Amino acid sequence: MAKIKRRMKSGDFVLVLITLGLVIFGIIMVFSASYYTSINKSGNPYSYLIKDTVWAMLGLGAMVVTASVDYRVYAKVAKPTMIISVILLLLLFTPLGIELNYAKRWLGVGGITIMPGELAKPAAIIFTAWFLSKDPKKIKSLTKGVVPLFFLCAVYGGLIILQPNLSTAITVCIIIIGIMFAAGLNYVYLGGLVGVGALGICTLIITNPDSHWMKRLTSFMDPFADPLNTGYQVVQSLLALGSGGLFGLGLGKSIQKNLYLPEPQNDFIFAIIGEELGYIGCLILIIAYIILVWRGIHIAINAADLFGSLLAAGISIMIGIQVILNIAVVTSSMPPTGVTLPFVSYGGNALMIFMASVGILLNISRHTVAVE
C-alpha cells in the first residue's frame, strides 16, 4: 500500500519574484505620482516615498513571518480572528474612530492608525476557509452552509457600509462568495447570492438619492457632463491615460500629477502609470498581476488539504478582485470606488496585509503530499 508522506518544499519562487517586483515598482510609482502633492502638503517631496518604503519594509517582515508559520495554525484561530475583526469594525463608531472626508474608516490609538475594513478581508478569508473545510458537505446545504455565510456577508457588509465604504463592503462579500464557489457552491445558490447582493446595492443607492453613491453612479454614466465637479477625478484619469499613448510620456513626466488628478498616489495611481509608461507599461503590469493570481490558483489546486486550498483561493480572489475593480474605476468602466491597486498604491495597512497574505500563500506552497 502506498505511503503518504508530507514534505516541505522551498516555496514558489515566481510568486516571490512577482510580489517583490510589484512592491519595488509601486515604491517608484508612488514617488513619481506623489512628488508635487507631497510638496504641496508638507513641503517635502519625499514624504510619501519615505512612508511607503517604511511600510514596504514592514510588509516584507510580515511576509517573512507568515511564510514561516504553518498555515494550519490559522484554522485554530479562525473564530477569534473573525470576532476580533467585527469588534474592530464596531469600535469605529466609538470615540476611537477617526473621521476623515466624512467617513470613519480608521481607528487611532496613540498615534497608530489601522483600517478595520482592510483587516476584515483576511479575517473573512480565514474564517470562511475554516468553516467550509471543517465539513465539506456544508456548502451543499442551504441552512448549514449558505445561510450562515450569507449572514457573515451581511454583518461585514453592513458594518463597512455604515462607515460609509461601499467598495470595501462589496470586496469582502465577493471574497466570501468566491471561496464558497471554490468549495463547490451550487450555481442556483450562487445566482441567488449575487442577485440578493445586487438588489441590496441598488436599493441602497435608490433609497439614498442625495448620497455620494448616487452622485458617483450618475457621474459614471457621463463624467464629462460635470467635468469640474462630480466627474472631475474620472475625467482627469482618462486624460492621463489618453495622454500616455502607446509608450507614455516617460517616467516622472506626468502632467496630471501636477495637482490636477486628486490623490494620484492612491486609488488612481494606475492613471499615472498609463500616462508615464503608456499602454505597454499598463499591459506589462496587468500581465504581472495575471501571473501572480495564476500562481495563487496553482497553489490552491495543489494544496495539501482543503483548508489550505480554500485559504489560497481566497487570497487569490482578494488580489484579483481588487486589481479588476481598481483598473475598472480608473478606466471609467464602473462607478468610482475607493479600492487600492494591490502592492502598488500608497497605503500602509493595505500593503502590509497583501504582503502578509502572499507569505501565507508561500507557506501553503511549501507543503505538499508525496506518495511513496
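Please refer to the structure higher up on the page.
Colleague: What exactly am I supposed to notice about the pattern of salt bridges here?
Modeller: Opposite charge on two side chains lets them pair, provided their charged atoms get close. In the structure shown here, the tally under the stated rule is five salt bridges. Between Arg72 and Asp70 there is a salt bridge, and its shortest N-O distance comes to 2.4 Å. A relative accessible area of 31% places Arg72 in the partly exposed class. Between Lys257 and Glu276 there is a salt bridge; the shortest N-O distance is 3.1 Å. On the criterion of sequence distance, the pair formed by Lys257 in the loop between helix 10 (232-244) and helix 11 (269-301) and Glu276 in helix 11 is long-range, its members being 19 residues apart. Relative accessible area serves as the criterion here: at 3%, Lys257 is assigned to the buried category. By relative accessible area, Glu276 is classed as buried at 1%.

Colleague: Teacher, can you tell me more about the layout of surface pockets here?
Modeller: A probe matching the size of a water molecule, rolled over the atoms, marks out where space remains unfilled. Taken as a whole, the second largest pocket encloses approximately 570 Å³ of empty space. Every residue lining the second largest pocket is counted, 23 residues in all, and those nearest its centre are Cys173, Leu193, Gly197, Ala198 and Ile201. Put simply, the parts of the chain that give the lining of the second largest pocket at least two residues each are helix 6 (142-161), helix 7 (166-182) and helix 8 (187-206). Of the residues assigned to the lining of the second largest pocket, the class counts are 18 nonpolar, five polar and no charged.

Colleague: Explain the packing of helix 12 (residues 306-330) against helix 13 (residues 348-366) to me, please; I cannot follow it from the model alone.
Modeller: Between two packed helices, both the angle of their axes relative to each other and the distance between the axes serve to describe the pair. Interhelical geometry of helix 12 versus helix 13 gives an angle of 145 degrees and a closest axis separation of 10 Å. The element helix 12 and its partner helix 13 pack so that their crossing is left-handed. On the side of helix 12, the interface is formed by Gly308, Leu311, Ala312, Ile315, Met318, Ile319 and Gln322, while helix 13 contributes Phe354, Ser357, Ile360, Leu361 and Ile364.

Colleague: Quick question: what am I supposed to make of a nonpolar patch on the surface here?
Modeller: On the surface, a nonpolar cluster with roughly 520 Å² of combined accessible area is contributed by Leu246, Phe247, Tyr279, Leu283 and Ile287. By the secondary structure assignment, Ile287 is in helix 11. When its relative accessible area of 41% is taken as the criterion, Ile287 is described as partly exposed.

Colleague: What am I meant to see in the sheet that holds strand 2 (residues 97-100) here?
Modeller: By definition, the strands of a sheet pair up through backbone hydrogen bonds, in either a parallel or an antiparallel sense. Strands sit in the order 2-3-4 across an open sheet of three strands; the sheet is antiparallel. Strands with a single pairing partner mark the edges of an open sheet, and in this sheet they are strand 2 and strand 4 (112-114). Sheet twist, expressed as the mean angle between neighbouring strand axes with direction ignored, is 40 degrees. Where strand 3 (residues 103-109) meets strand 4, three bridges bridge the pair, whose relative direction is antiparallel.

Colleague: For this particular structure, what's the right way to read the nonpolar core?
Modeller: Nonpolar side chains in soluble globular proteins tend to be buried together. Counting 97 residues, the largest nonpolar core has Leu22, Tyr156, Ile176, Met180, Leu311 and Phe343 as the members making the most contacts within it. For this core, the leading source of residues is helix 12, giving 15 residues. The contact partners of Met180, leaving out residues within four places of it in the chain, are Leu132, Ile139, Val146, Leu149, Leu185 and Leu193.

Colleague: Would you explain unusual backbone geometry in this entry?
Modeller: With glycine set apart, most residues show a phi of negative sign, and most peptide bonds adopt trans. Geometrically, the link from Gln163 to Pro164 is a cis peptide bond, its omega value of 0 degrees lying close to zero. Within the element layout of this structure, Pro164 appears in the loop between helix 6 and helix 7. Despite not being glycine, Phe343 has its phi angle at roughly 70 degrees, a positive value.

Colleague: Can you help me understand helix 11 in this one?
Modeller: Along an α-helix, a turn takes 3.6 residues, which lines up residues three or four apart on a common side. Along its 33 residues, helix 11 runs just 32 Å from first to last C-alpha, ending more than 12% under the 48 Å computed at 1.5 Å per residue. Maximum bend of helix 11: about 125 degrees, positioned at Leu277.

Colleague: Quick question: what am I supposed to make of the state of the cysteines here?
Modeller: By definition, a disulfide links two cysteine residues through a covalent bond between their sulfur atoms. On inspection of all chains with the given rule, the structure shows zero disulfides. The closest cysteine sulfur to the non-disulfide-bonded Cys153 is located on Cys173, 4.4 Å from its own sulfur. Accessibility expressed as a relative area gives 18% for Cys173, which makes it buried.

Definitions and cut-offs
- Residues numbered from 1 in each chain as written.
- Predicted model: local features only at pLDDT ≥ 70, side-chain atom pairs only at ≥ 80, totals over all residues.
- Heavy atoms only, no water.
- Salt bridge = Lys/Arg side-chain N within 4 Å of Asp/Glu carboxyl O.
- Buried < 20%, exposed > 50% of the residue type's maximum accessible area, 1.4 Å probe, protein only.
- Helix = DSSP H or I, 4+ residues; strand = E, 2+ residues; numbered from the N terminus.
- 1 Å grid on protein atoms, 1.4 Å probe; cavity = no way out; pocket = protein on both sides within 12 Å on 5 of 7 lines; lining within 4 Å.
- Points joined across faces, edges and corners; volume = space filled by probe spheres on them.
- Nonpolar A, V, L, I, M, F, W, Y, C, P; charged D, E, K, R; others polar.
- Axes fitted to C-alpha atoms, helices over the stretch in contact; angles between N-to-C directions.
- Left-handed = near helix turned anticlockwise from the far one by under 90°.
- Contact = heavy atoms within 4.5 Å.
- Patch = residues over 30% accessible without salt bridge, like charges linked within 9 Å, V, L, I, M, F, W, Y side chains within 5 Å.
- Areas by Shrake-Rupley, 256 points an atom, 1.4 Å probe, with all protein chains shown as cover.
- Pairing = 2+ DSSP bridges.
- Core = buried A, V, L, I, M, F, W, Y, C linked by side-chain atoms within 4.5 Å.
- Expected span 1.5 Å × (residues − 1).
- Bend = angle between axes of the 7 residues up to and from the residue.
- Disulfide = S-S within 2.5 Å.

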